[in-house]
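Structural overview
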Amino acid sequence: MKAPEQYDPSKTPSKNSTLSQSVQQSAKSPAIPTGTPTITQTHKRTAQADKKPFQWQFLLPKYWSIWLLFVIFLPMIYLPLRWQFWLGRKLGILIYKVAGSRRQDTLINLKLAFPEKPEAERELMAKQVFVNQGIGVFETLCAWFRPNVFTRTVSISGLQHLINAQKDNRPVILLGAHYTMLDLGGLFCAQFFALDAMYRPQNNVLLDWFIYNGRTRIFGKQISSRDMRSLVSSIKAGHVIWYSPDQDYGLKQGVMAPFFGVPAATITASRRMAKLGDKQYPPALMALHTYRQTPDNLPSGKRPHYHLTITPELDDYPSNDEVADATRINEVLEGLIRIDPTQWMWFHRRFKNSPDGRTEIYK
């Protein structure tokens with residue numbers, strides 16, 4: 001499959017491309033053949049995880065805003081996907097306008113990562129980040145509660161790297177990133193292989209309950225970042241484990257390494273994970289990219305399409321140099337994010353720490 005081009009928000013379509021788009025919009029998407037297995041029927045998992053129990057404290061007034069959002073958005077996932085994309089665009093633009101601090105953080109991150117781009121272009125990119133995240137809200141809710149709507153919408157490249165490692169009885173550490181279609185990416189992965197997921201519990205217990213229970217429909221096991229025993233158990237069992245090391249968690253368990261040419265606190269847990277398990281069958285580290293190839297203005301009669309990419313295994317990893325290893329991981333993730341930078345969550349404060357403590361760049 002041809003690799004997708006890097007997103008360029010400043011690029012205006014030519015007359016030929018506009019004509020091509022109009023032809024595409026007039027063509028109807030082929031119907032799914034009768035008898036095609038649904039995503040639910042082809043879903044693979046290592047186990048069926050238990051859900052977290054409901055707590056009566058969830059009904060306290062401080063959680064009412066979360067319940068209200070849930071009541072508003074959940075019925076919308078039963079609309080056609082084209083309408084959901086439209087609502088997601090409007091939601092993203094609204095958040096971009098009202099969430100001043102997140103918008104500012106995004107613009108600062110993009111300025112650091114893409115200093116060569118004009119300011120106006122970076123502003124377009126920032127707005128598209130929020131649009132993609134708005135759509136991602138609906139993609140995630142559908143992944144949890146209406147997965148079959150995505151039947152026959154995904155392709156994959158590089159799956160042979162993972163299969164070859166499994167044939168050698170080796171567990172796989174799949175290095176992901178915080179893309180705007182985060183949980184939908186996990187659902188698509190489960191169409192090809194079973195996987196467990198590392199996660200960091202939310203401070204808000206109701207939000208954590210919603211997210212954890214939603215993900216039980218996708219992953220076989222969710223492993224808390226604090227639960228080393230479960231991690232070791234999954235590795236020894238030869239599972240595929242999805243882990244995202246692309247955020248700033250400080251330097252207590254990390255080092256400074258360049259990310260988009262900017263020094264960034266980079267967690268080194270992947271080095272420790274690579275050393276766990278059977279020495280004869282050590283974990284294989286690969287990176288995962290999840291990507292929505294369909295434009296956000298989904299044409300009438302069309303269904304979205306998504307693509308997964310699994311990179312080859314990182315050879316000679318880990319080395320004796322943790323900074324070199326962190327740099328290597330960042331370079332791999334950066335190369336994948338550059339396919340479409342606006343589908344990565346730039347509103348996180350990725351560069352908030354320096355070797356001397358917190359930076360002032362976000363003030």
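What comes next concerns the included structure. What you see as residue numbers is a count from 1 along each chain, following the sequence as written. For this predicted model, a pLDDT threshold of at least 70 governs which residues receive local features, and a threshold of 80 or more governs which side-chain atom pairs are given and counted, while totals over whole chains, interfaces and linings are taken from all residues. Neither water nor hydrogens contribute to the side-chain values; these are computed over all heavy atoms in the structure.

This part takes up the overall build of the chain. Looking only at helices and strands, the chain has 12 helices and 11 strands in total. The atom set for the radius of gyration is the C-alpha atoms, and the globule formula is 2.2 Å times the number of residues raised to the power 0.38. Against the globule reference of 21 Å for 363 residues, the chain gives a C-alpha radius of gyration of 21 Å, in line with a compact fold. Expressed along its principal axes, the backbone C-alpha trace of the chain runs to roughly 55 × 50 × 50 Å. Within the chain, buried positions represent 49% of all 363 residues. In DSSP terms, a helix is any run of H or I states spanning at least four residues, a strand is any run of E spanning at least two, and both are numbered starting from the N terminus. The rule is simple: take the accessible area with a 1.4 Å probe, protein chains only, and divide by the maximum for that residue type; under 20% is buried, over 50% is exposed, in between is partly exposed.

Each Phe, Tyr or Trp ring (for Trp, its six-membered ring) is paired with any other whose centre lies within 6.5 Å, and the angle between the two planes then decides the class: stacked below 30 degrees, edge-to-face above 60, tilted in between. Tallied over the entire structure, the rule returns 26 aromatic pairs. Judged by centre distance (5.7 Å) and plane angle (75 degrees), the rings of phenylalanine 54 and tryptophan 209 are edge-to-face. With phenylalanine 54 in the loop between α2 (39-42) and α3 (64-73) and tryptophan 209 in helix α9 (residues 205-215), this pair connects stretches of sequence that are 155 residues apart. On the accessibility criterion, tryptophan 209 (16% relative accessible area) is buried. In textbook terms, an aromatic cluster arises when at least three aromatic residues are bridged by ring pairs, as seen for Phe54, Trp56, Phe58, Tyr63, Trp67, Phe70, Trp144, Phe145, Trp209 and Phe210. We call a charge positioned over a ring when the NZ of a Lys or the CZ of an Arg lies within 6 Å of the ring centre and within 35 degrees of the ring normal. Taking the ring centre of tyrosine 96 as reference, the NZ or CZ of arginine 103 above it sits at 5.7 Å. Of note, arginine 200 hangs over the ring of tyrosine 249, and the distance from its end group to the ring centre comes to 3.8 Å.

A separate point is the side chain of threonine 106. Along the chain, the position of threonine 106 falls in helix α5 (residues 100-113). Residue classification places threonine 106 among the buried positions, given a relative accessible area of 0%. In what follows, residue pairs with any heavy atoms lying within 4.5 Å of each other are defined as contacts. In this structure, threonine 106 is in contact with Ala126, Phe130, Trp346 and Phe347, ignoring residues within four places of it in sequence.

Residues Leu231 and Trp346 are the most contacted members of the largest nonpolar core, which totals 44 residues. Excluding residues within four positions of it along the chain, tryptophan 346 makes contact with Asp105, Thr106, Asn109, Leu110, Ala113, Phe114, Val129, Phe260, Ile337 and Pro341. Of all hydrophobic cores here, the second largest spans 42 residues; its members include Val131, Ile135, Met286 and Leu298. Within this scheme, the nonpolar core is defined by two criteria: the residues are buried Ala, Val, Leu, Ile, Met, Phe, Trp, Tyr or Cys, and they are joined through side-chain atoms within 4.5 Å.

Here arginine 170 lies in the loop between α7 (159-167) and β2 (172-175). Excluding residues within four positions of it along the chain, arginine 170 makes contact with Ala165, Gly238, Tyr281, Pro282, Pro283, Ala284 and Glu313. Pairing of N or O atoms within 3.5 Å defines a polar contact, subject to two protein rules: one partner must be a possible hydrogen donor and the other a possible acceptor, and residues neighboring in sequence count only if both atoms are side-chain atoms. In terms of polar contacts, arginine 170 uses its side chain to reach the backbone carbonyl oxygen of proline 282, at 2.7 Å. A polar contact of 3.4 Å, which involves the side chain of arginine 170, links it to the backbone oxygen of proline 283.

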